[in-house]
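Each chain, written out:
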Amino acid sequence: MKKVTWETVIGLETHVQLSTRAKIFSGAATAFGAPPNSQACAVDLALPGVLPVLNRGAVERAIRFGLAVGAQVRSRSLFARKNYFYPDLPKGYQISQFDAPIVLGGALRIVLADGTERTVRLTRAHLEEDAGKSLHEDFHGMSGIDLNRAGTPLLEVVSEPDMRSAAEAVAYARALHALVRWIDICDGNMQEGSFRCDANVSVRPRGASDLGTRCEIKNLNSFRFLERAIEHEVGRQIAIIEEGGRIELETRLYDPDRDETRSMRSKEEAHDYRYFPEPDLLPLEVSAAWLGEVGASLPELPAAKRERYVRELALPAQDAATLTASRETAEYFEAVAAGLAAAEPTGDRAAQAKAAANWVAGELAGALNRADVEIGASPVCARSLARLIARIRDGTISGKIAKEVFDAMWAGEAAGDAAADAIIERRGLRQITDAGALEGVIDESSPRIPPRSPSTAAARRRRSTISSARQ
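Rules behind the numbers
Residues numbered from 1 in each chain as written. Predicted model: local features only at pLDDT ≥ 70, side-chain atom pairs only at ≥ 80, totals over all residues. Heavy atoms only, no water. Domains from an automatic or database assignment. Contact = heavy atoms within 4.5 Å. Buried area = accessible area lost by both parts, 1.4 Å probe. pLDDT = per-residue confidence, 0-100. Phe/Tyr/Trp six-rings, centres within 6.5 Å; stacked < 30°, edge-to-face > 60°. Helix = DSSP H or I, 4+ residues; strand = E, 2+ residues; numbered from the N terminus. Buried < 20%, exposed > 50% of the residue type's maximum accessible area, 1.4 Å probe, protein only. Lys NZ or Arg CZ within 6 Å of the ring centre and 35° of its normal. Salt bridge = Lys/Arg side-chain N within 4 Å of Asp/Glu carboxyl O. Core = buried A, V, L, I, M, F, W, Y, C linked by side-chain atoms within 4.5 Å.

**A look at the domain arrangement of the chain**
Then, in step 1: Here the domain parsing of the chain yields domain 1 (6-296) and domain 2 (302-431).
Then, in step 2: Computed from C-alpha coordinates alone, the two centres of domain 1 and domain 2 are separated by 38 Å.
Then, in step 3: The interface is formed by 11 residues belonging to domain 1 together with 13 residues belonging to domain 2.
Then, in step 4: Taken together, the two surfaces of domain 1 and domain 2 that pack against each other cover about 940 Å², and 55% of this comes from carbon and sulfur.

Listed below in structure tokens is the structure:
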């Protein structure tokens, strides 16, 4: 019997917490870390008689996202009530968008570890409010409810099932994470729950067109957990099918301590939530003028910047992808390249860019990883790094010595744009390239060898002649 080769099919639903100061339907604060229930107002608590009021800032952030991924931003969208009963949902329903979301379609280009580019299609992105949080620790067999998160604005981004491996899913999640930070709609802090992924995973025989029964893995808040959870779930499903069992449609949780997924509940379908239109909110209308205003405020996007780096700076595609992994990294790189251009006005721009890229993606990135700090907190600023690279390129120091200087700059031995120059002079690291000066140094450092006397040299020649005659 021919062994079946399995294909993995993955789609992600990502909850992006929008960076507004107030909640989506109330004026309560969204700051993280406040004492439980200190940021829950009457609207969040669902007290009788209160009405939701839509936050314009949340809508603008949804529009920014839609434009950034090339999606259709609908001129008219609707809110609905998604009914379910959890202790941390005071109203007994969540205000969300169902059949008329604000963003439809779109796509996200991802770059895999080997440099391969792929496109993941997006189904939709819709606005909704977050629920509260159940607390189970320190309550002696009971649970506490913190409603600070209730009403926090979310943009749920739903992908098509276009990913075929855990690695592709992680590449997509990283690209989406970088994008929402790039366009300044989310801080991306996964530890605080600002960016959470639900993975829909299924398997099917390779070459089949029908999708297998999927399981949803909820609330994955790190890229490492996302990858491990998918890999475990794929193995679990294949093992069940090959043993003659069948996959049940369900929601599962990932346990990082045991590195496994486990059943949480049977998977709900749309009809289980009994969606119906939200009667307290008017349809959301986005005018062409508003759309144009938001579009004009967008920065150059990662994909466009990557293409420009390759086209104008002649950087390899992999370098361009690394440098655009975050907006902060791209801005740092461009500042280094600009500093080099200022130091070498007539220099080769492509060579300058490549030198800057090598240092930003190499020595600097390594130091940042070892110190576990973001590039924005680097103790070596872009102008200082540009000056250091310029000293390599003009022959003042070698590449090996430059690493010593960089380490000293990182440790704070000197500050300011000219830190490299100060360290080079202080440590006497300037290399000598003038041939005449080098000969002088060699002469001074070489031991004095007394000249041979003519008689000694003649005697040596005679001995050599006699020795040759005897052979």
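Back to the text.
**Some words on the confidence of the model for the chain**
Note that predicted coordinates carrying low pLDDT should not be read in detail.
Then, in step 1: When pLDDT is averaged along the chain, the result is 91, and 90% of the positions lie at 70 or above.
Then, in step 2: Note on residues 465-471: pLDDT is under 50 here. Beyond four places in sequence and across chains, it has 0 contacts.

**Considering the packing of aromatic side chains**
Then, in step 1: Under the counting rule described, the total for this entry stands at 9 aromatic pairs.
Then, in step 2: Summarising the aromatic geometry, the rings of Phe98 and Tyr275 are spaced 4.0 Å apart at their centres and angled 5° between planes, so their arrangement reads as stacked. Residue Phe98 is found in the loop between strand S5 (93-96) and strand S6 (103-104), and its partner Tyr275 is found in the loop between strand S15 (260-266) and strand S16 (276-277); the two are separated by 177 residues along the sequence.
Then, in step 3: Centroid distance Phe406 to Trp410: 6.1 Å. Interplanar angle 35°. Geometry classified as tilted. Of this pair, Phe406 and Trp410 both sit in helix H10 (residues 399-410), 4 residues apart, roughly one helical turn.
Then, in step 4: Here Trp410 falls in the partly exposed class, since its relative accessible area comes to 21%.
Then, in step 5: The aromatic ring of Trp290 is capped on one face by Arg56, whose charged end is 4.1 Å from the ring centroid.
Then, in step 6: Directly above the aromatic system of Tyr273 lies the positively charged group of Lys82, at a separation of 4.5 Å from the ring centroid.

**Focus: the pattern of salt bridges**
Once the charged atoms of two side chains with opposite charge are near each other, the side chains can pair.
Then, in step 1: One pass over the full model with this rule turns up 40 salt bridges.
Then, in step 2: Glu117 is the salt-bridge partner of Arg109, the closest N and O atoms lying 2.6 Å from each other.
Then, in step 3: A residue is classified by how much of its surface remains accessible, and Arg109, at 33% relative accessible area, is partly exposed.
Then, in step 4: Between Asp162 and Arg121 there is a salt bridge, with the nearest N and O atoms lying 2.7 Å from each other. With Asp162 in the loop between strand S11 (153-159) and helix H2 (166-182) and Arg121 in strand S8 (residues 117-129), the pair connects residues that are 41 residues apart, well separated along the chain.
Then, in step 5: With relative accessibility at 9%, the residue Asp162 sits in the buried group.
Then, in step 6: In this structure Arg121 comes out as partly exposed when scored by relative accessible area, which is 45%.
Then, in step 7: Overlapping salt bridges, with partners in common, bring together Glu7, Arg164, Arg204 and Arg206 in one network.

**Examining the nonpolar core**
Then, in step 1: Phe65 and Leu127 are the most contacted members of the largest nonpolar core, which totals 107 residues.
Then, in step 2: The element contributing the most residues to this core is H2, with 11 residues.
Then, in step 3: Per-domain counts for this core show at least three residues from each of domain 1 (6-296) and domain 2 (302-431).
Then, in step 4: For Phe65, the residues in contact, after removing those within four places along its chain, are Leu122, Ala125, Leu155, Val157, Leu176, Leu179, Val180, Ile183 and Ile185.

**Details of the environment of Tyr86**
Then, in step 1: Tracing the backbone through its elements, the reader meets Tyr86 in the loop between strand S4 (80-83) and S5.
Then, in step 2: Using a relative accessible area of 35% as the deciding quantity, one classes Tyr86 as partly exposed.
Then, in step 3: When the C-alpha positions of Tyr86 and Gly132 are compared, they lie 9.4 Å apart, and in sequence the two are 46 residues distant.

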